[in-house]
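Chain by chain, the residues run as shown.
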Amino acid sequence: MHTHSTASDGQYTPGELVGLAKEKGLTLLGLTDHDTLNGIPEAVEAAGKAGLRVLPGIEIGAKEYRSLHLLGYGVRLDDPGLNGFCEQMKVARDERKYRIIDFLKEKGVDIDLGEVEALAKGGVVARPHFARVMLEHGYIKTDREAYEKYLDTDEYKRIAIRRMSARDCIETLHRAGGKVSFAHPYQVKLDDGALEGLVRDLKGWGLDAIECYYTKHTPEMQAFYLSLAGKYGLHVTGGSDFHGELVKPDVPLGRLELELDWLLDG
């Protein structure tokens, strides 16, 4: 229910990702690339041959918090509003890559943009591509270090992409026929009280679900998110956030059993 391909910042093409899902024994795969639907047609075609189902999805960020991400499931690929948003994000990312290169040079990290673009394989250039090139050239020892030192800092905020509000994100996804889940809640880094307040606001704006099951959630986090889902009448989703072992070495492609009639039969 939460994976990424080369259409955004994943290691595998959409078709290759479907092949991995088939090997894993999955019957449903949610492809949720960042700010783009471009990988969905290839994934759907591959899934038809492999005998599993691909749920068209997308992951978008909201402006209220740097890691407030929303997953849209079952969206229409021909929706004008969502496609317009994706095109805006593509332009924004294309412009941002030059700002990131300059920002890194200010910090003593001198890498070639061509190498970064080559990793993107014609797709959207994203922060993980920069992190991998930095790792290859010895500027960092782990991908995580790239974010902690450079790409997810307060200083980095000045070059970050401008985002829509969470309310506008949810409305955009709903207009495209999708259902919306609050992705990896722990990443917003709020205490339990503040996080519950955020969930209450999101529910008021139309949120459908919470991603309670996630690679990095502790048992305590998972229990709290499940309690929030119950309290606010939200559905439960889950996903590994798989990008590939070269991008996120500690996050394998996951497998979960979820009740999804609310999503698949709508």
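Along each chain, residues carry numbers from 1 onward, in the same order as the chain's sequence is written. Side-chain atom pairs in this predicted model are given and counted only at pLDDT of 80 or more, local residue features only at pLDDT of at least 70, and totals for whole chains, interfaces and linings cover all residues. Hydrogens and waters are ignored; side-chain quantities use all the structure's heavy atoms.

K.L.:
What's the story with the packing of helix 8 (residues 192-204) against helix 9 (residues 219-231) in this structure? I'm lost.
P.N.:
When two helices pack together, you describe them by how their axes are tilted relative to each other and by the distance separating the axes. Only the contacting stretch of a helix is used when fitting its axis, a line to C-alpha atoms as for every element, and angles between N-to-C directions run 0 to 180 degrees. Helix and strand assignments follow DSSP, with helices taken as H or I runs no shorter than four residues and strands as E runs no shorter than two, numbered in order from the N terminus. Their axes nearest at 11 Å, the elements helix 8 and helix 9 cross at an angle of 35°. Where helix 8 crosses over helix 9, the two elements pack in a sense that is right-handed. Across from Asp192, Leu195, Glu196 and Val199 in helix 8, the residues of helix 9 making contact are Phe224, Tyr225, Leu228 and Lys231. When grouped by side-chain class, the residues that make up the contact of helix 8 with helix 9 number five nonpolar, no polar and three charged. Each helix crossing is assigned a hand: it is left-handed if the near helix lies turned anticlockwise from the far helix by less than a right angle, otherwise right-handed if that turn is clockwise. Any pair of residues with heavy atoms lying within 4.5 Å of one another is described as a contacting pair. Polarity classes work like this: nonpolar for Ala, Val, Leu, Ile, Met, Phe, Trp, Tyr, Cys and Pro, charged for Asp, Glu, Lys and Arg, and polar for all others, with Gly in that last group.

K.L.:
Please explain helix 4 (residues 113-120) as it appears in this structure.
P.N.:
Since there are 3.6 residues in each turn of an α-helix, residues three or four apart along the chain are aligned in direction. Remark: exposure states derive from per-residue accessible area (1.4 Å probe, protein chains only) relative to the maximum for the residue type, with buried under 20%, exposed over 50%, and partly exposed in between. Residues Leu113, Val116, Leu119 and Ala120 constitute the buried set of helix 4. Along the axis of helix 4, the buried positions cluster into a sector of 120°, meaning they face one direction only. Those residues of helix 4 hidden inside the fold are in contact with helix 3 (80-106) and helix 5 (127-136). Once helix 4 ends, the next one or two residues include lysine 121, with phi positive near 55°. Directions pointing from the helix axis toward each C-beta atom define the arc.

K.L.:
For this particular structure, what's the right way to read the pairing of strand 5 (residues 209-214)?
P.N.:
With five of six residues buried, strand 5 is to be regarded as a mostly interior element. Here, any two strands with at least 2 DSSP bridges between them count as paired. Where strand 4 (residues 179-182) meets strand 5, two bridges bridge the pair, whose relative direction is parallel. Paired with phenylalanine 182 across the bridge in strand 5 is isoleucine 210. As a crossover connection, the stretch from strand 4 through helix 8 into strand 5 is right-handed. In the sheet, strand 5 pairs with strand 6 (residues 235-239) via five bridges, with the strands oriented parallel. Within the sheet, the bridge partner assigned to isoleucine 210 lies in strand 6 and is valine 236. The handedness of a crossover follows from its direction of travel: if, with the strands pointing away from the viewer, the path from the first strand over the helix to the second runs clockwise, the crossover is right-handed. Following the chain from strand 5 across helix 9 to the adjacent parallel strand 6, one finds a crossover that is right-handed.

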